[in-house]
Amino acid sequence: MSATWTNWAGTVTASPEVLRPRTPEALAETVRDAAARGRRVKPVGSSHSFTAVAQPADLQLSLEHLTGIVSADRETGRVRVLAGTPLRLLNQALDLLGLAMPNLGDIDAQTISGALSTGTHGTGATLPGLSAGIAGLRLVTPDGSSRWIDASDPELFGAARLGLGALGVITELELACLPAYRLRAVERPDSLDTVLPRIQELFDAHRHFEMYWFPGTRRVQTKANDLVDDSVDEPLAPWRRRLDDEFLSNTVFGAANRLLTGVPRAVLPFNEIAARVLTERTYTGPSHEVFCTPRTVRFLESEYAVPREAVADVLTDLAAWVERRREPVSFPVEVRVAAPDDIWLSTGYERANAYIAVHQYHRADHREYFAAFEDIAAAHAGRPHWGKMHRLGADELAGLYPRMTDFRAVRDRLDPDRVLANDYLTRVLGA
Ligand SMILES: Cc1cc2nc3c(=O)[nH]c(=O)nc-3n(C[C@H](O)[C@H](O)[C@H](O)COP(=O)(O)OP(=O)(O)OC[C@H]3O[C@@H](n4cnc5c(N)ncnc54)[C@H](O)[C@@H]3O)c2cc1C
């Protein structure tokens, strides 16, 4: 049978039967019925995970009809949202309500429950990953029961806020939002040799700080986002946004990557040029517009969280490896930071991290580069993003997550028959 499902990167495929319940009650019945028939069910969001975490082994459960805001309290910032809501819609709806997510990653194509289930994060030394903003959630387990989980049950709350889809199907979430805020973004070219010695200071100096390093060069582009007063309005001219974000970052970059696939030795010199094209720019906008940019060039990605003090060592070792090998890596390396949290399977569990993400064009060979990166991250107790490519298995991951045994016990309790399992979950959590 030909594949009917594939993830965004095109690296994982499947041929599931798709179920599209229209209400949370119908979803619970669908799950219970499937479990009773011995079928496997996989809730799937926007399929933006690079790993096979969302690969449906049998039945694909789509939450495309379970979207939208259920209730919002502008005083407390508490917002209840249906689990299939895409972030793009959520951000727009929150904006209309005068609210916003405390932080976001760099795209808004994911569903809210898909993003939270793999530990999606943005950047900001005082800001943990997005799952830390969950005040409560409704979980449907394979027996068809539906329970509300919040801080009053620390065990389930510790596990279910980042559950990899292994504990049940989330149908609704309560999010702790902030009053809508505006950010000023300052993007500027710099050098790795200037930024690395100051990176801890830069992490702490801004609400959000991130850096892109162009492999094979010493060039970086930094992006610092800070709060500005509502009255400040310095939008990016539409032509500049189209030129930088659409034309240069996507159209030209995509065309260059297609051409360079056949000429690997031209890739690193090209990075010199690509880095030079990016110039300084400052603009302000509503937070979600400043965080998220379109990504139309397909790539593969691996990302590890390492203790934030280790970030300079990891980048130095990675730069030395690329230089030694002259490895044709055509995508920049992204560097971010996040605060610790108390979520059992969060990369930020009780640890302030720097996040280092390596990318490679989807048609180029990523294997040696990613393997070398993983070796470097492993030397610093790196924890891989659950939705991005990595080779770790259950035993290694248990050594990185102090509450892994507890998470597995919750899984045994909620899904003893592994109705929600797929090969990836078996690999990372055990059978
Ligand atoms: C271009 C691109 C940019 C990205 N940028 C970032 C970034 O800036 N920061 C970052 O941290 N990550 C980033 N990611 C990774 C992405 O945020 C995660 O992989 C995320 O999980 C994808 O969300 P999704 O809706 O596509 O979920 P899917 O990939 O479809 O599913 C992910 C997991 O969620 C589970 N799931 C989905 N819905 C439910 C539900 N209702 N109940 C229970 N479980 C459910 C699935 O079973 C699966 O285990 C990026 C990915 C891409 C492709």
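We now turn to the structure provided with this report. Throughout this document, residue positions are counted from 1 along each chain, in the order its sequence is written. Only residues with pLDDT of 70 or above have their local features reported here, since the model is predicted, and side-chain atom pairs are shown and tallied only from 80 upward, although totals for entire chains, interfaces and linings are computed over all residues. The basis for every side-chain value is the complete set of non-hydrogen atoms in the structure, without hydrogens or water.

## Brief notes about the packing of aromatic side chains
Each aromatic ring pair is described using two quantities: the centre-to-centre distance and the angle formed by the ring planes. Each pair of aromatic rings taken from Phe, Tyr and Trp, with Trp reduced to its six-membered ring, is defined by centres within 6.5 Å and is described as stacked if the planes are under 30 degrees apart, edge-to-face if over 60, and tilted in the remaining cases. Evaluated as defined, the whole model comprises nine aromatic pairs. Judged by centre distance (6.1 Å) and plane angle (70 degrees), the ring pair of Phe203 and Phe209 falls under edge-to-face. Using a 1.4 Å probe on the protein chains alone, a residue whose accessible area is under 20% of its type maximum counts as buried, one over 50% counts as exposed, and one in between counts as partly exposed. According to the relative accessible area criterion, Phe203 is buried, its value standing at 0%. An aromatic cluster of at least three residues, connected via ring pairs, comprises Trp8, Phe50, Phe299 and Phe331. A ring is scored as having a charge over it whenever the NZ atom of a lysine or the CZ atom of an arginine sits within 6 Å of its centre and within 35 degrees of its normal. Positioned over the ring face of Trp148 is Arg80, at 4.0 Å from the centre of the ring. If you follow Arg207 out to its NZ or CZ, it ends over the ring of Tyr181, 4.5 Å from the centre.

## Structural notes on the site of the ligand
Proximity criterion: a residue is near a molecule or strand once any of its heavy atoms comes within 4 Å of it. Near the ligand there are 36 residues, and of these Pro43, His48, Ser49, Thr118 and His121 occur at the shortest range. Two N or O atoms form a polar contact when they lie within 3.5 Å of each other; inside protein one atom must be a possible hydrogen donor and the other a possible acceptor, and for residues adjacent in sequence the pair counts only when both atoms belong to side chains. Contact distances for the ligand include 2.9 Å between an oxygen atom and a backbone N or O atom of Asp106. Within the side chain of His385, one N or O atom sits 2.8 Å away from an oxygen atom of the ligand. Protein coverage of the free-state accessible area of the ligand, which is 980 Å², stands at 99%. We count a stretch as a helix when DSSP gives it H or I for four or more residues in a row; a strand needs E for two or more, and each element gets its number in order from the N terminus. Listed by contribution, the elements that provide at least two residues to the shell around the ligand are strand E4 (41-44), helix H3 (112-117) and strand E11 (169-176). Top element by residues in the shell around the ligand is H3. It accounts for four residues. Along the lines of polarity and charge, the residues of the shell around the ligand split into 14 nonpolar, 18 polar and four charged. Reported accessibility uses the Shrake-Rupley method at a 1.4 Å probe radius. Residues are deemed covered only where the shown protein chains occlude them. In this count, Pro and Cys sit with the nonpolar residues alongside Ala, Val, Leu, Ile, Met, Phe, Trp and Tyr, while Asp, Glu, Lys and Arg are called charged and the others, Gly among them, polar.

## A few points about the pattern of salt bridges
Criterion for a salt bridge: a side-chain nitrogen of Lys or Arg within 4 Å of a carboxyl oxygen of Asp or Glu. For the coordinates displayed, the defined rule picks out 31 salt bridges. The salt bridge partner of Arg20 is Glu64, with a shortest N-O separation of 3.1 Å. Of the two residues, Arg20 is situated in the loop between strand E3 (17-19) and helix H1 (24-36) and Glu64 in the loop between strand E5 (59-62) and strand E6 (69-73); the sequence distance between them amounts to 44 residues. On the basis of relative accessible area, Arg20 is assigned to the partly exposed category, the value being 44%.

## A word on the nonpolar core
For this analysis, a nonpolar core means a set of buried residues of the types Ala, Val, Leu, Ile, Met, Phe, Trp, Tyr and Cys, connected via side-chain atoms within 4.5 Å. Counting 130 residues, the largest nonpolar core has Leu175 and Trp386 as its most contacted members. Each of domain 1 (67-179) and domain 2 (182-384) accounts for three or more of the residues forming this core. In what follows, a contact means two residues having at least one pair of non-hydrogen atoms within 4.5 Å. Here Trp386 is in contact with Thr51, Val53, Thr118, Leu162, Leu164, Leu345, Leu397, Tyr401, Met404, Tyr424 and Val428, once residues within four sequence places are set aside. Throughout the structure description, domain borders are defined by an automatic or database domain assignment.

## Remarks on the environment of Arg39
Within the element layout of this structure, Arg39 appears in the loop between H1 and E4. Arg39 sits 262 residues away from Glu301 along the chain, and the two C-alpha atoms are 31 Å apart. For Arg39, the residues in contact, after removing those within four places along its chain, are Glu17, Ala34, Asp58, Leu59 and Val419. A distance of 3.4 Å separates the side chain of Arg39 from the side chain of Glu17, its partner in a polar contact.

## As for the layout of surface pockets
For the second largest pocket, the calculated volume is near 800 Å³. In the cavity and pocket records, a cavity denotes points on a 1 Å grid over the protein atoms alone where a 1.4 Å probe fits but cannot get out, a pocket denotes an open set with protein on both sides within 12 Å along at least 5 of 7 lines, and lining residues are residues with an atom within 4 Å of a point. The wall of the second largest pocket is formed by 32 residues, among which Phe214, Asp244, Ser249, Leu278 and Pro332 lie closest to the centre. Contributions of two or more residues to the lining of the second largest pocket are made by strand E14 (208-213), strand E15 (219-228), helix H7 (238-260), helix H8 (267-277) and strand E16 (281-286). In terms of residue count, H7 provides more of the lining of the second largest pocket than any other element does, eight residues in total. Residue composition of the lining of the second largest pocket, grouped by class: 16 nonpolar, seven polar and nine charged. Grid points are joined across faces, edges and corners, and a volume is the space filled by probe spheres set on the points.

## Let's talk about the sheet that holds strand E18 (residues 333-338)
Paired through backbone hydrogen bonds, the strands of a sheet run either parallel or antiparallel to each other. Taken in spatial order, the eight strands line up as E16-E13-E15-E14-E18-E19-E17-E20 in an open sheet, and their pairing is antiparallel. At either end of the open sheet lies a strand with only one pairing partner, and these are E16 and strand E20 (383-384). A pair of strands counts as paired when DSSP detects no fewer than two bridges linking them. When strand E17 (residues 299-307) meets E20, the two strands line up antiparallel, connected through two bridges. Bridged to Tyr304 within E20 is Pro384.

## Details of the sheet that holds strand E10 (residues 146-150)
Across the sheet, five strands lie side by side as E6-E7-E11-E9-E10; this open sheet has antiparallel pairing. With one partner strand each, in any of the chains shown, E6 and E10 form the two edges of the open sheet. The sheet shows a mean angle of 15 degrees between the axes of neighbouring strands, direction not considered. With five bridges connecting them, strand E7 (residues 78-82) and E11 associate as antiparallel partners. From the neighbouring strand, Arg78 faces E11, where its bridge partner is Ala176. The sheet strands contacting helix H2 (residues 87-96) are E6, E7 and E11, and the helix crosses E6 at an angle near 35 degrees. The angle between two axes is taken between their N-to-C directions and runs from 0 to 180 degrees, where each axis is a line fitted to C-alpha atoms and a helix contributes only its stretch in contact.

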